[in-house]
Amino acid sequence: MAEEVLPEELYHSGNKFIMQAFKKSFWTVARYSMIMFSAHIITGGRNTNTLRLGTKKQDFLEARGENVDLPLNTHTDDLPLMARVVSNKRIAGSSFGDEVRHIVIRHYGKMRFWEGQKIGVIPRGVDSNGHRHSAWQYYVASSRYGDNLEGDTLSLCIRKPPKQYLEGKREEDLTAKDVCSGFLCSVKPNDAIMLTGPFGKELLLSEEDKSTDYIFVASGTGIAPFRAFLRRLFAEHTRISHAHRGTTLLFFGVPNQNFLLYEAFFKSIKLNYPQKFGRVYAYLRGGIKKDGRKVFIHDKMREYAEEIITKLDRGAHIYFSGSMKMMGGISIMFEEECALRGIDYESWVEDLRKNGQWHIEGD
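This is a predicted model, so every value here is computed, not measured.

Reading guide: rules and limits
Sequence order sets the numbering: in each chain, residues are counted from 1 along the sequence as written. Residue-level local features of this predicted model are given only where pLDDT is at least 70; pairs of side-chain atoms are given and counted only at 80 or more, and the full residue set underlies all totals for whole chains, interfaces and linings. Values reported for side chains reflect all heavy atoms of the structure, with hydrogen atoms and water molecules removed beforehand. Only protein chains enter the accessibility calculation, which uses a 1.4 Å probe; a residue whose area is less than 20% of its type maximum is buried, one above 50% is exposed, and one in between is partly exposed. We count a stretch as a helix when DSSP gives it H or I for four or more residues in a row; a strand needs E for two or more, and each element gets its number in order from the N terminus. DSSP-based pairing: two strands are paired if at least 2 bridges between them are found. By this rule, a helix spans an expected 1.5 Å times one less than how many residues it contains. By definition, the arc is the one covered by directions from the helix axis to the C-beta atoms. Any two residues whose heavy atoms approach within 4.5 Å are treated as being in contact. Angles here are taken between N-to-C directions and fall from 0 to 180 degrees, while the axes themselves are lines fitted to C-alpha atoms, restricted in helices to the stretch in contact. By convention a nonpolar core is built from buried Ala, Val, Leu, Ile, Met, Phe, Trp, Tyr and Cys residues, the set being connected through side-chain atoms within 4.5 Å.

A. Inspection of the pairing of strand E7 (residues 214-219) at higher detail. Here E7 lies mainly inside the structure; six of its six residues are buried. On E7, burial covers both faces: Tyr214, Phe216 and Ala218 on one face and Ile215, Val217 and Ser219 on the other are all buried. One ladder, built from six bridges, connects E7 with strand E8 (residues 248-254); its direction is parallel. Across the sheet, the residue bridging to Ala218 is Phe252, located in E8. In this structure, E7 lies alongside strand E10 (residues 317-321), joined through five bridges in parallel fashion. The partner of Ile215 across the bridge, within E10, is Ile318.

Here is the structure:
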């Protein structure tokens, strides 16, 4: 696992910070202890939130009024936005095999988007026929305010094509996603990058009812839009974060524990909102059931089937992101669980779709 620290990881529990600081400097611990003691006196010993990012209120990019248009296709393939790379950090895996990177891009406030939308990236160079590479779309992993909260950056979560996958492949055999992901994982700070979009409206966060419960289901880098949602709901100083009263349950399928993307952030949410946030992991290369079969994300969801179905029947919204291969097992799980409860699965899902509670738009 890479050691780079993302912004929200600085807002983890105080005890962990103290232990890490103690290894570095006694005086660091002393200074931090004085700060914590002062905060304790000022707040009268109340439990304060250690997750909120910054102190400034994020409201300058909020949609206001009844006729606010969703930003769509602002920048096209013919007229892309020229942006700049801020940082490119490995957050999982190693440079010798599977690798996932968190890439921050400065768009200078010219790429307006909402959480749950995609951004297109046009790789540098040309293909074997001399044509410019095709763009590929990725879900944005930051909220509209960006990781720096200034509203001028966006972040992407990208899996680098494994070396063993690329071995023996000719350039013309590579997909647009292969080319674009490989390009993104190699960019350096200050590199120019062409963006298109934003795209999509299926995965937008429903914010009308502040008591809405959310269920997020992700595999791999499909966690990107849910990181954006969770920052907006729990970490930023937005109207929705301060007014939200519902619960959030995250199901996340990963190869193994080395690929728990953004885990420090999720731990921080659980620390500060233990009654409002829960996370469940499925380790696709390590979890084995009693009958010898692997544990998949639908197996973990089955353990919570009663809670999930009850929440959906009461108006919760469920979102799916990542490889759509997972939907086969999830659909069978829901069908079987509905049958046990005397529910017609097809009609049940169709009602959820009509009510705008079922959100899916795969890679």
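B. Molecular detail of helix H10 (residues 326-340). Across its 15 residues, H10 extends 22 Å between first and last C-alpha, which sits within 8% of the 21 Å expected from 1.5 Å per residue. Listed as buried for H10 are Met326, Met327, Gly329, Ile330, Met333, Phe334, Glu337 and Cys338. Across the axial projection of H10, the buried residues extend over an arc of 165°, all falling on one side. Buried residues along H10 sit in contact with E7, helix H8 (297-303), helix H9 (305-313), E10, helix H11 (345-354) and strand E11 (358-360). Where H10 terminates, the next one or two residues include Gly342, which has phi positive at roughly 70°.

C. Spotlight on the sheet that holds strand E2 (residues 99-106). Pairing is antiparallel across the open sheet formed by six strands, whose spatial order is E4-E3-E6-E1-E2-E5. Of all the strands in the sheet, the pair left with one neighbour each is strand E4 (136-139) and strand E5 (153-160). Strand-to-strand twist across the sheet, computed as the mean angle between neighbouring axes with direction ignored, equals 40°. As paired elements, E2 and E5 share eight bridges and run antiparallel to each other. Within the sheet, the bridge partner assigned to Arg101 lies in E5 and is Ile158.

D. Looking closely at the nonpolar core. Ranked by size, the top nonpolar core spans 34 residues in total, and within it Phe216, Ile223, Leu261, Tyr262 and Phe266 carry the most contacts. Contributions of two or more residues to this core are made by strand E1 (81-93), E7, helix H5 (224-235), E8, helix H7 (263-272) and strand E9 (277-283). A total of seven residues in this core trace back to one element, the largest contributor, which is H5. Setting aside chain neighbours within four positions, we find Phe216 in contact with Leu205, Phe226, Phe229, Leu230, Leu233, Thr248, Leu249, Leu250, Phe251 and Tyr319. Listed in part, the 25 residues of the second largest apolar core include Val280, Leu312, Cys338 and Val349.

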